[in-house]
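Structural overview
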Amino acid sequence: MKILIELPTWIGDAVMTTPAIENIISHYNKPEITLIGSFVSSEALKNHPQVVATHVINKRIISLYILARKLGKFDLFFSFRSSFRSTILKLFISSKDKFQFDGSRYQNRHQVEKYNDFVCENLDINLLAGKLIVYPNSKFLTSNTKPTVGINPGASYGNAKRWYPEKFAQVAAELSYHYEILIFGGPDEKDIAADIEYLLVEMGVNNFRNLAGRTSIQELISRISSLDLFISGDSGPMHLAASFQVPTVAIFGPTRDDETSQWMNSKSMIVKKNLDCQPCMKRACPLKHHNCMNLIEAEDILKAVQSLN
């Protein structure tokens, strides 16, 4: 059985497909899986033992056609994307059966359940969504005498999801007495990470490393898998942490925590303010006050950390 899977664009969404993918694999008794998608999503899931190949998609229509011809024939094609581009790609793919995710069909449930319901309905099976599963290519070994906390201030969706660097720095400074600090972030998040670094230096904290923009996807996965604590906004790395059951404090503002919170991580705490305007799902605060994040204080995060211990 040869199965082609198109992954969502963002790393967090790709990680949230893994329970559904595991159910596909279970149903077909270890098929050969080929993954296509963005670089970050295919890179994050490429180490699965059933994955035989990965391909990064170019957005141009002609490139989609060329890729489809190159891939050859499959028994089954699942696309976890509902975009027009994926609809075109579905036409080009040579497969006996082809299914495309339609987000409008699946409402009022966690994103993991949406993806799993999509798979179960089309395969006519009834399997629950299990835990998130990501395979690191190596386990990061550390010689630190203290446990390690990861600080992840970025969020790809937009500025409205981001908590403030000065507050992250307050939390990191307080935790530095008991933890080594790692600051995470992608290439577009180096500025906010640098702000945190500057503030920590001002406060006399020196047991930290700023890794923002300096890790590959595989290195990011390896680092996160080795953490003792993770503090993050609603982000892709937050879902990676959930896949490794890392104790996590997740900061939520404009997005729906009932749909995109950590899935099946018993060591997870959500910090949010439950305002009337939440969740607005906007990239920037439409009311201009950003109170869903502005009202969250460092003490709120530290209390959540204590409750995890």
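Residues numbered from 1 in each chain as written. Predicted model: local features only at pLDDT ≥ 70, side-chain atom pairs only at ≥ 80, totals over all residues. Heavy atoms only, no water.

Considerations on the overall build of the protein chain
Selection rule: Numbering of helices and strands starts at the N terminus; helices are DSSP runs of H or I of at least 4 residues and strands are runs of E of at least 2. Radius of gyration: over C-alpha atoms. The globule rule applied is 2.2 Å multiplied by the number of residues raised to the 0.38 power. Exposure categories follow from relative accessible area, calculated using a 1.4 Å probe and restricted to protein chains: below 20% of the type maximum is buried, above 50% is exposed, and the middle band is partly exposed. The contact definition used throughout considers only heavy atoms, calling two residues in contact when any of these lie within 4.5 Å. In these tables, accessible area is a Shrake-Rupley quantity obtained with a 1.4 Å probe, and a residue counts as shielded only by the protein chains included in the view. For the purpose of charge, His is not counted, nor are the chain termini; Lys and Arg are scored as positive and Asp and Glu as negative. To locate a charge, the coordinates of NZ of Lys, CZ of Arg, CG of Asp or CD of Glu are taken.
Counting its secondary structure elements, the protein chain contains 13 helices and 11 strands. For 309 residues, the compact-globule estimate of 2.2 N^0.38 gives 19 Å, and the protein chain sits close to it at 20 Å. Relative to its full complement of 309 residues, the protein chain shows a buried share of 54%. The long-range share in the protein chain, meaning contacts at least 24 apart out of those at least 6 apart in sequence, stands at 64%. Total accessible area on the protein chain is roughly 14600 Å²; 49% of this is exposed by carbon and sulfur atoms. Within the protein chain, one finds 34 positive and 31 negative side-chain charges whose respective centroids are separated by 7 Å.

Some thoughts on the side chain of Asn210
Tracing the sequence through the fold places Asn210 in strand β8 (residues 208-210). Excluding its chain neighbours within four sequence positions, the residues that come into contact with Asn210 are Ile183, Ala193, Ala194 and Glu197.

Remarks on the pattern of salt bridges
To be explicit about the condition: Whenever a carboxyl oxygen of Asp or Glu lies within 4 Å of a side-chain nitrogen of Lys or Arg, that contact is scored as a salt bridge.
Enumeration over the complete set of coordinates arrives at 10 salt bridges. Arg85 is the partner of Glu6 in a salt bridge, and the nearest nitrogen-oxygen pair spans 4.0 Å. With Glu6 in strand β1 (residues 2-6) and Arg85 in helix α5 (residues 84-92), the pair connects residues that are 79 residues apart, well separated along the chain. For the salt bridge of Glu43 with Lys46, the shortest nitrogen-to-oxygen distance reads 3.0 Å. Residue classification places Glu43 among the buried residues on the basis of a relative accessible area of 15%. In the salt-bridge network here, residues are joined through shared partners; they are Glu6, Arg81 and Arg85.

Some words on the nonpolar core
As a rule of thumb, nonpolar side chains are buried together in soluble globular proteins. Going by this rule: Note on terminology: a nonpolar core comprises buried Ala, Val, Leu, Ile, Met, Phe, Trp, Tyr and Cys residues joined through side-chain atoms within 4.5 Å.
Among the nonpolar cores identified, the biggest contains 46 residues, and Ile5 and Phe78 are the most heavily contacted of them. Looking at which element gives the most residues to this core, the answer is helix α6 (residues 111-123), with 6 residues. Core analysis: the second largest hydrophobic core is formed by 31 residues, Trp163, Tyr179, Val271 and Leu302 among them.

As for the pairing of strand β2 (residues 32-37)
Here is the rule we go by: DSSP calls a pair of strands paired once it identifies at least 2 bridges connecting them. Crossovers are described as right-handed under a simple rule: with the strands pointing away from the observer, the path leading from the first strand over the helix to the second runs clockwise.
The buried count for β2 comes to 5 of 6 residues, which makes it a mostly enclosed element. Pairing between β1 and β2: 5 bridges, direction parallel. Bridge assignment links Ile5 to a residue of β2, and that residue is Leu35. Looking at chain direction, β2 and strand β3 (residues 51-56) are connected through 5 bridges and run parallel. In the strand pairing of β3, Thr34 is matched with Ala53. For the segment spanning β2, helix α3 (residues 39-45) and β3, crossover handedness is right-handed.

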